[in-house]
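Structural features, examined
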Amino acid sequence: MLCTNHTAPTTKWIRSCRQMPWMIHLENQFVTDDQRKAAYQNTRLEHNVQLDINSSPKLARLTQIMVTLGMRNSHPDAIVDMMMAGANIVRLNVSHDKEKWHAITVQSIREGGNRMYELTSEIYPLGVAMNLRGPEIRTGVFRGDETSMGYAKLEEGNMVRLVTDTIAKRAGCATCFWVSYHELPRVCRPGDRILIDRGAVLLRVTCIHERAVSCKIVKGGIVKDNKLVQLLDTIVSLPQISEKDTQHIQLASKLKCDFLIVNHVRNEKMIYAVKSRLIQIDDLRLCVMAKISTQQGVENFDEILNAADAILLDRDSVEVDVGPEKLFLVEKIIIAKCIKARKPIALGFQTYSNEKLNIDMSLIANAVLNGVDAIFLKTGHLETKETVQLLNDVDVVCREAESARWQKEIFNELSYKVSIPLDPLHAIIVGAIDTSLKSNAAAIVVTTTTGHSAVLLSTYRPRCPILAITRYGEVARRLQLYYGIYPFHYRTQSLPNWGEDIQTRIQTGIDSLRRKKYIRVGEPIVVVSGWCQGTGFTNCIRIFYASPGHTGNQVPDFEPCW
């Protein structure tokens, strides 16, 4: 009788667990998908040896994608198609088109979001970025030759004069055209190189005049109206922020954009100038991204990184300054510094070459392997169908590269270098990442008010998606820039009992992952949440296994014995 009494509770416990037949068996964890065998090796060499070309990546892409909207891909149906294809952020470039067009495009984005909600019954927090014009040097308008209106064909070996007198602004031709930098004759020297339209034409200065410079055409080509002019051998002194930029900052605030991209950042003063304008209009929610596109910006990168909220590296523009042989080095250095500083980094890729869609997918894969947060695709000139196809292709490449990356390296180095003792939240985050790796979790779920907990999780580059559940749309959209984060905007009314409300939020988020097939039955899920309502109370880690679904007589994911 004594033995029977002692074994009765044990028998009851086993019977309770048998109500969860979906709990995965540990021996089933070791499968070949997602490069899992290679992921848990202790050295990079062994990791590379164990990579399997036949391994299938997970469905959930962790690297974010930003695309540019133009005249041909900015209507509401196009926005829906791009969201369905996985676009996380759309970019508006105020250097092109008028303010009215940008306002109409933002309305199209909101309309696309409404249609997406009707299709999926979920809010899609699509981020909106506005790219400021910045302090640029551009050509004038080519109207001086009736045979070539709107452009000029510069022949190699010929001479051309660049003038700064505004009287010639709209009278450009193949022998003389206006540029927007009045100090050009003062800063240039004979022998300096001048690049037009990102490499379409290359000039070499031969003679300096009072209001003009004469140049020999080293590389010929066609130059159109208002194209970018770059002085390769000269440190340019331009105003930090122009009056036009100030107007565009106000426009971004009025249209409720989420990101503000500062063009051609050369030093920290440009970032502080933009932030001071935001303080003046009382709008501090905008994420200020510094766009690095010159060698001067690369040389001053440390101070820029300290001032900016995020970084956008324009590879094509930087390549013009540093040369193709140094570009990979710049990319590695900047990505590593951003990861160390825990700030998001996006890499820009040109998608059009020789009048056709052309992009090297291996460059995107290498960027993902290096640890980039987001890929920026310059798609403003593409049609909707081309943009969607490109998104699908990049999605596949990103998922393959994410699976092939040795994640333990970043986690071990970052967690090793943190100062001890850690603050409670940071300690919980490190524990959650470690738990997700040890249990081979399919997802990490975090409830967040400000997004800070989700951002900390992202910096350690986990192998699984981070479902960030928040009630604030602005927070959800801003999180679209960070690696691995799937923002879930939970807008349902709060329950009276806070504990039940948290469980409902988490269960709703898990159901969303299940519908997308990002998690499978029996896979472990790590939950990070707080013990108390409000900001700063995140201190709980739980792990459970995904059920078949919360319908009918089936058991929910949160089973009491777990």
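Residues numbered from 1 in each chain as written. Predicted model: local features only at pLDDT ≥ 70, side-chain atom pairs only at ≥ 80, totals over all residues. Heavy atoms only, no water.

Some points on the overall build of the protein
Defined as follows: Strands here mean DSSP runs of E at least two residues long; helices mean DSSP runs of H or I at least four residues long; both are numbered from the N terminus. Restricting the calculation to C-alpha atoms gives the radius of gyration, and the globule rule supplies 2.2 Å times the number of residues raised to the power 0.38. Burial classes: relative accessible area under 20% of the type maximum marks a residue as buried, over 50% as exposed, and values in between as partly exposed (1.4 Å probe, protein chains only). Note on contacts: a residue pair qualifies if any of its non-hydrogen atoms lie within 4.5 Å across the two residues. To measure how exposed things are, a 1.4 Å probe is used in the Shrake-Rupley method; for residues, cover is taken only from the protein chains shown.
When helices and strands are tallied, the protein shows 19 helices and 23 strands. In terms of C-alpha radius of gyration, the protein reaches 27 Å, essentially the compact-globule figure of 24 Å for 562 residues. In terms of its C-alpha atoms, the protein occupies a principal-axis envelope of roughly 110 × 50 × 45 Å. Counting every position in the protein, which comprises 562 residues, the buried fraction comes to 54%. When contacts within the protein are restricted to residue pairs at least 6 apart in sequence, those whose partners lie at least 24 apart make up 68%. For the protein, the exposed surface amounts to about 26,400 Å²; the carbon and sulfur share of it is 53%.

Structural notes on the confidence of the model for the protein
To keep things clear, this is the line we draw: Residue-level confidence of the predictor is what pLDDT reports, using numbers from 0 through 100.
Of the residues in the protein, 90% have a pLDDT of 70 or more, and the chain-wide mean is 87. Low pLDDT, under 50, characterises residues 1-19; the predicted model gives this stretch three contacts beyond four residues in sequence or across chains. Confidence drops under a pLDDT of 50 for residues 551-555, and excluding neighbours within four residues, the segment shows six contacts in the predicted structure.

Digging into the packing of aromatic side chains
Test applied: Ring geometry is summarised as follows: Phe, Tyr and Trp rings, the Trp one being its six-membered ring, pair when their centres sit within 6.5 Å, and such pairs are stacked at plane angles under 30 degrees, edge-to-face over 60 and tilted between the two.
Scanning the entire structure with this criterion turns up three aromatic pairs. Ring geometry for F411 against Y460: centres 5.7 Å apart, planes inclined by 65°, an arrangement best described as edge-to-face. With F411 in helix 15 (residues 407-417) and Y460 in the loop between helix 17 (452-459) and strand 20 (466-470), this pair connects stretches of sequence that are 49 residues apart. Judged by its relative accessible area of 6%, F411 is buried.

What about the nonpolar core?
Rules: Nonpolar cores are built from buried Ala, Val, Leu, Ile, Met, Phe, Trp, Tyr and Cys residues. Side-chain atoms within 4.5 Å join them into one set.
Within the largest apolar cluster, 114 residues are counted, with the highest numbers of intra-cluster contacts made by M289, I311 and L377. For L377, the residues in contact, after removing those within four places along its chain, are I65, M66, V67, T68, F349, T351, I359, I364, L390 and V394. By size, the runner-up hydrophobic cluster in this structure holds 25 residues, among which are I137, L184, V213 and L238.

Some remarks on the side chain of S55
Note the cut-off: We call two N or O atoms a polar contact when they sit within 3.5 Å, provided that within protein one can donate a hydrogen and the other can accept it, with sequence-adjacent residues counted only if both atoms are side-chain atoms.
Tracing the chain through its elements places S55 in the loop between helix 3 (44-50) and strand 1 (64-68). By relative accessible area, S55 is classed as buried at 5%. Side-chain polar atoms of S55 contact the backbone nitrogen of Q35, separated by 2.9 Å.

Overview of a nonpolar patch on the surface
Counted only if it meets this: Any residue with relative accessible area above 30% and no salt bridge may belong to a patch, with like charges joined within 9 Å and the nonpolar Val, Leu, Ile, Met, Phe, Trp and Tyr side chains within 5 Å. A carboxyl oxygen of Asp or Glu within 4 Å of a side-chain nitrogen of Lys or Arg is what we treat as a salt bridge.
Taken together, the side chains of F328, L329 and I333 present a nonpolar region at the surface, about 270 Å² in accessible area. Along the chain, I333 turns up in helix 12 (residues 324-341). In this structure I333 comes out as partly exposed when scored by relative accessible area, which is 40%.

Description of the pattern of salt bridges
Tallying each qualifying case throughout the model produces 28 salt bridges. Here D77 ties to R115 by a salt bridge, and the two come within 2.3 Å at their closest N and O atoms. Of the two residues, D77 sits in helix 4 (residues 76-85) while R115 sits in helix 5 (residues 99-120), which places them 38 residues apart along the sequence. Judged by relative accessible area, D77 falls into the partly exposed class, the value being 44%. You can call R115 partly exposed: its relative accessible area is 30%. The partner of E111 in a salt bridge is R115, and the shortest N-O contact between them spans 3.2 Å. A residue pair is termed a helical-turn pair when its members lie 3 or 4 positions apart in one helix, as E111 and R115 do in helix 5 at four residues. With relative accessibility at 33%, the residue E111 sits in the partly exposed group. Here the salt bridges do not stand alone but share partners, grouping K291, D314, D316 and K378 into one network.

Examining the packing of helix 4 against helix 14 (residues 384-404)
Definition in use: Helix axes use the C-alpha atoms of the stretch in contact, all axes being lines fitted to C-alpha atoms, and the angles between their N-to-C directions lie in the range 0 to 180 degrees. Any angle between 65 and 115 degrees counts as roughly perpendicular, while under 35 counts as roughly parallel, over 145 as roughly antiparallel, and the rest as oblique. Asp, Glu, Lys and Arg are counted as charged, while Ala, Val, Leu, Ile, Met, Phe, Trp, Tyr, Cys and Pro are counted as nonpolar; the rest, among them Gly, fall into the polar class.
For the pair helix 4 and helix 14, interaxial distance at closest approach is 9 Å and the crossing angle is 10°. Relative to helix 14, helix 4 is oriented roughly parallel. Where helix 4 approaches helix 14, its residues A78, D81, M82 and A85 are matched on the opposing element by T384, T387, V388, L391 and N392. Considering only residue class, the contact of helix 4 with helix 14 consists of five nonpolar, three polar and one charged.

Digging into the sheet that holds strand 12 (residues 259-262)
Here is the rule: The pairing criterion for strands is at least two bridges between them, as found by DSSP.
Read once around its circumference, the closed barrel built from eight strands follows the order 1-2-3-12-13-14-15-18, with strand pairing classed as parallel. Adjacent strand axes in the sheet meet at a mean angle of 25° when their direction is disregarded. One ladder, built from four bridges, connects strand 14 (residues 310-314) with strand 15 (residues 345-350); its direction is parallel. Residue pairing in the sheet places L313 in a bridge with L347 of strand 15. Against the sheet, helix 5 touches strand 2 (89-93) and strand 3 (127-131), its axis set at about 170° to strand 2.

Considering the sheet that holds strand 9 (residues 212-219)
Strand order in the open sheet formed by six strands is 6-5-9-8-7-11, and the pairing between neighbours is mixed. Looking at the sheet topology across the chains shown, the edges are occupied by strand 6 (176-178) and strand 11 (229-231). On average, each strand axis in the sheet is inclined to that of its neighbour by 35°, with strand direction left out of account.

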